[in-house]
Amino acid sequence: KAGVTQTPRYLIKTRGQQVTLSCSPISGHRSVSWYQQTPGQGLQFLFEYFSETQRNKGNFPGRFSGRQFSNSRSEMNVSTLELGDSALYLCASMRGGSTDTQYFGPGTRLTVL
Amino acid sequence: KQEVTQIPAALSVPEGENLVLNCSFTDSAIYNLQWFRQDPGKGLTSLLLIQSSQREQTSGRLNASLDKSSGRSTLYIAASQPGDSATYLCAVSRETSGSRLTFGEGTQLTVNP
């Protein structure tokens, strides 16, 4: 059974640009969550999508947005990139219930110059 | 606001030693607690999930306990091996925010041959 996949794995952008990251969950999983990991702030929750609807949202500015498609694949978009957006972005998939195990992908390493 | 603390921040032990990692959380209204390991630059691997109604979970050489009322969890690793070297993270989900995970800062474990 294939795990969670994320593309691209590495990305370099400059300030002011926008970026789109993609996450494909484990087959049969309907929930996808996104997290940002930085050395200073650790792992922080961005948002969760379930059946194409945002079910949960963290405390990030509106520059961070996401969506989920009918096949459960999810994209995350960051507009007007700032240096502080440099981070490892992880997505996690889950079957659906709030008490299920979450399975993480390998992450996308975003560097903003 | 839920806060998760992990002690110690770093731990170095000789191979074969049994060890305990600690996790504490401030809000006892949790759905579940999950332990992960993260290898450098990689995603998270789920180790154990403990539901709020459970006291412990075991998988191979790993045993995790949960004392919800006191806001504590421990991860016990028996007969440590160099391959156990990684950062160990605990995360809790709250009753009011479903699948959203709040992470601790992690314990960086080094097992020396």
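Located above this text is the structure these notes cover.
Attention in this report is confined to the structure presented alongside it. (Residues numbered from 1 in each chain as written. Chains lettered and ligands numbered in written order. Predicted model: local features only at pLDDT ≥ 70, side-chain atom pairs only at ≥ 80, totals over all residues. Heavy atoms only, no water.)

## Looking at the overall build of chain A
Check the secondary structure of chain A and you find 0 helices and 11 strands. Ordered by position from N to C terminus, the α and β elements of chain A give β-β-β-β-β-β-β-β-β-β-β. Taking the principal axes of its C-alpha atoms as reference, chain A extends roughly 35 × 25 × 25 Å. Counting only residues that meet the buried cut, chain A has 50% of its 113 residues in that class. (Helix = DSSP H or I, 4+ residues; strand = E, 2+ residues; numbered from the N terminus. Buried < 20%, exposed > 50% of the residue type's maximum accessible area, 1.4 Å probe, protein only.)

## Looking at the state of the cysteines
Residue and element names in this part refer to chain A. This structure, assessed with the given rule, holds 2 disulfides over all chains. Note that Cys 23 is cross-linked by a disulfide to Cys 91, the S-S spacing being 1.9 Å. Around the S-S axis, the bridge from Cys 23 to Cys 91 shows a dihedral of about 70° and counts as right-handed. You can see Cys 23 sitting in strand β3 (residues 19–24) and its partner Cys 91 sitting in strand β9 (residues 87–94), a full 68 residues away along the chain. (Disulfide = S-S within 2.5 Å.)

## A closer look at the sheet that holds β3 of chain A
Residues and elements named next belong to chain A. Taken together, the 4 strands give an open sheet; going across it, the order is β1-β3-β8-β7, and neighbouring strands pair in antiparallel fashion. Across the chains shown, the open sheet's two edge strands, defined by having one partner strand only, are β1 (5–7) and β7 (64–68). Strand-to-strand twist of the sheet, defined as the mean angle between neighbouring strand axes without regard to direction, takes the value 20°. (Pairing = 2+ DSSP bridges. Axes fitted to C-alpha atoms, helices over the stretch in contact; angles between N-to-C directions.)

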